[in-house]
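Residue-level structure breakdown
Chain residues, written in single-letter form:
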Amino acid sequence: MLKNKDPIKGWRKKNKSPSLSEVFSTVYVPQKKGIWRKFFAFTGPGLLIAVGYMDPGNWATDIAGGSKFGYMLLSVIFISNIFAIILQHLSLKLGIVCERDLAQACRDHYPTFISFILWILCEIAIASCDLAEIIGSVLALKLLFGIPITWGVLITTIDVLLILFFQYKGFRYIESVVAVLIFTILICFSFEIISSKPEILPILKGIIPNPEIIKNSHSFYISIGILGATVMPHNLYLHSSIIQTRNYQRTIEGKKMAIKYATIDSTLSLSLAFFINAAILIISAATFHKYGHTEVADILDAHKLLSPILGSSFSGVFFALALLASGQNSTLTGTLSGQIVMEGFLHIRLKPWVRRLITRLIAIVPAMIASIIYGEKGTAELLIISQIILSIQLSFAIIPLVNFTGDYNKMGLFVNGPFLKILSWVITIIIVLLNLVLLYNTFQ
C-alpha cells in the first residue's frame, strides 16, 4: 500500500498502485547509519539514468562534431549535461514527493484522451530508443566478430532472456550489471584518449561557449543534434519510478533525505556520462579532425579510421567493445521504461517477457528491413531517424514534468522555488525550440 497520507491532493485521480510494484521500496536504506551508508543505499538509479546519456544514439553526433569542428562543441555537451542534471532532479523529486512516476502523474492529471495520446507518443519513443540500441549492438557485433547485420539483428533478441534473469534476481542485480557495463565503457574510452594524445589547452578552451557555434549553420545544426541526443524522454519516466525502489521513510524528513542523496547520485552519474560523451568527441577531434578527416560522421567510418591513425589494432577493438556495452546497457533501461510507461498510463500489467518481446519486435522490423535492403549504411541512417523521433517526444515529457513539480497543490513544501521554476521553464523552452529547428532542418 502507498504510505502517502494525502495521495489525492492536487490530482484528478487517486493513485491505486505504486510504480514497479514488484520492486517498490525493496532496497534497504539505513535510518541511523552514517552519511556514506545512506549514500551507498541511494547509489544505482543515477547509473541507470546515465546510460541514456551515453547510448549509441549519442555517438554519431559526438563523432560528427569532433571530426568537423575539433574541440569547439565540447561546450554544447557541457551545457546539455547541465540541462540533464536539472531535469533528472525534477524527475526524482516528482517520484519521491508524489509517489507517482511521470506516466502515473500524467494519467492522474490529464483527461483520459490526452493521457492516451501521451502514452502512444511515449511508446513510439521507446521503440525508437530500442531501435538505436539494436543498431548499436548489431554494429558492434559486426565490428568485433564479423557477424552479418541481419544475423546480428536476430541475435539481439536473446537479451530478453538475460534481462528477465536479472529482474528475477532483484533490482540491485540490474544496477550492478549496469555499473559493470558503464565501467567497461569507461576503461575503453580511457584507453582511446590516452592513445589519441589530445591537447589539453584546446580541450579547456572548447568547454567555454564560442559564438562561432551559432554563426556557423553546420556547427549549429550538429549542436542541436547533440542536445537532442543527450536529453532522453524515457529517462524522465524511468527516474521518477526507480527512485521509489528505495525503502526510505515516507515522511517529510524522509523525503528530504531521499531527495538529497538521490540528487547527489544522479549528479555524479551524469557527470560520468558527460566524461564519456566528451571523450567520444575528444577522440574524434584528436584523430579525425587533426589529420584532416573532417567528414567522418558515423560509427562505421570512425571505426575504420581509428586503428590506422592511432597505429594500434586495439583501438578499433576497444571502440567496438564500448559500443556493445553501450547498446546492452541501454537495452536494460529501455525494458524498464517500457514497463513503467504501460503500467503507468494504462494500468495494464503484462508479464515482463511479453512486454519486452512486443517492444523488441516493433524495433526489429525496421532494423531488419533496413539491413536487408540497404546494409550497414541503412542501419546507420536508421540510427539518425530514431534520434529525430526521440526529439519529437521530448517536449511531451518535459512540459508535464516542469508543470507538475512547479505546482504547490501537488508538491506542497517541495514545490520548485522561484529560481528553479524559472530556470526549468527556460530550459524547457530552449529544448523545445531547438528540437523544432532540428526537425525543420532535417525535413528541409
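Anything mentioned here points back to the structure above.
The shown structure was predicted, so the numbers you read here are calculated from the model rather than taken from an experiment.

The number of helices and strands found in the protein is 20 helices and two strands. Burial statistics for the protein: of 444 residues in total, 59% are counted as buried. Looking at the protein alone, contacts between residues at least 24 apart form 85% of all its contacts between residues at least 6 apart. For the protein, the exposed area adds up to about 18300 Å²; of that, 71% sits on carbon and sulfur atoms.

Taken as a whole, this structure holds zero disulfides when the rule is applied. C106 supplies the cysteine sulfur nearest to C122, a cysteine that is in no disulfide, at a spacing of 8.5 Å. On the basis of relative accessibility, which here comes to 1%, the residue C122 falls in the buried class.

Here V231 shows up in the loop between helix 12 (217-230) and helix 13 (233-242). Between the C-alpha atom of V231 and that of L390, which follows or precedes it by 159 residues, the distance is 9.2 Å. The residues contacting V231, other than those within four sequence positions of it, are Y53, S80, L87, L394 and I431.

Attention now moves to a nonpolar patch on the surface. On the surface, F78, I79, I82, I200, L201, L204 and I207 cluster together to form a nonpolar patch covering roughly 630 Å² of accessible area. For the nonpolar patch, the secondary-structure elements that each account for two or more residues are helix 4 (74-98) and helix 10 (200-207). Counting residues per element, the nonpolar patch draws most heavily on helix 10, which supplies four residues. Topologically, I207 is positioned in helix 10.

Analysis parameters
Residues numbered from 1 in each chain as written. Predicted model: local features only at pLDDT ≥ 70, side-chain atom pairs only at ≥ 80, totals over all residues. Heavy atoms only, no water. Helix = DSSP H or I, 4+ residues; strand = E, 2+ residues; numbered from the N terminus. Buried < 20%, exposed > 50% of the residue type's maximum accessible area, 1.4 Å probe, protein only. Contact = heavy atoms within 4.5 Å. Areas by Shrake-Rupley, 256 points an atom, 1.4 Å probe, with all protein chains shown as cover. Disulfide = S-S within 2.5 Å. Patch = residues over 30% accessible without salt bridge, like charges linked within 9 Å, V, L, I, M, F, W, Y side chains within 5 Å. Salt bridge = Lys/Arg side-chain N within 4 Å of Asp/Glu carboxyl O.

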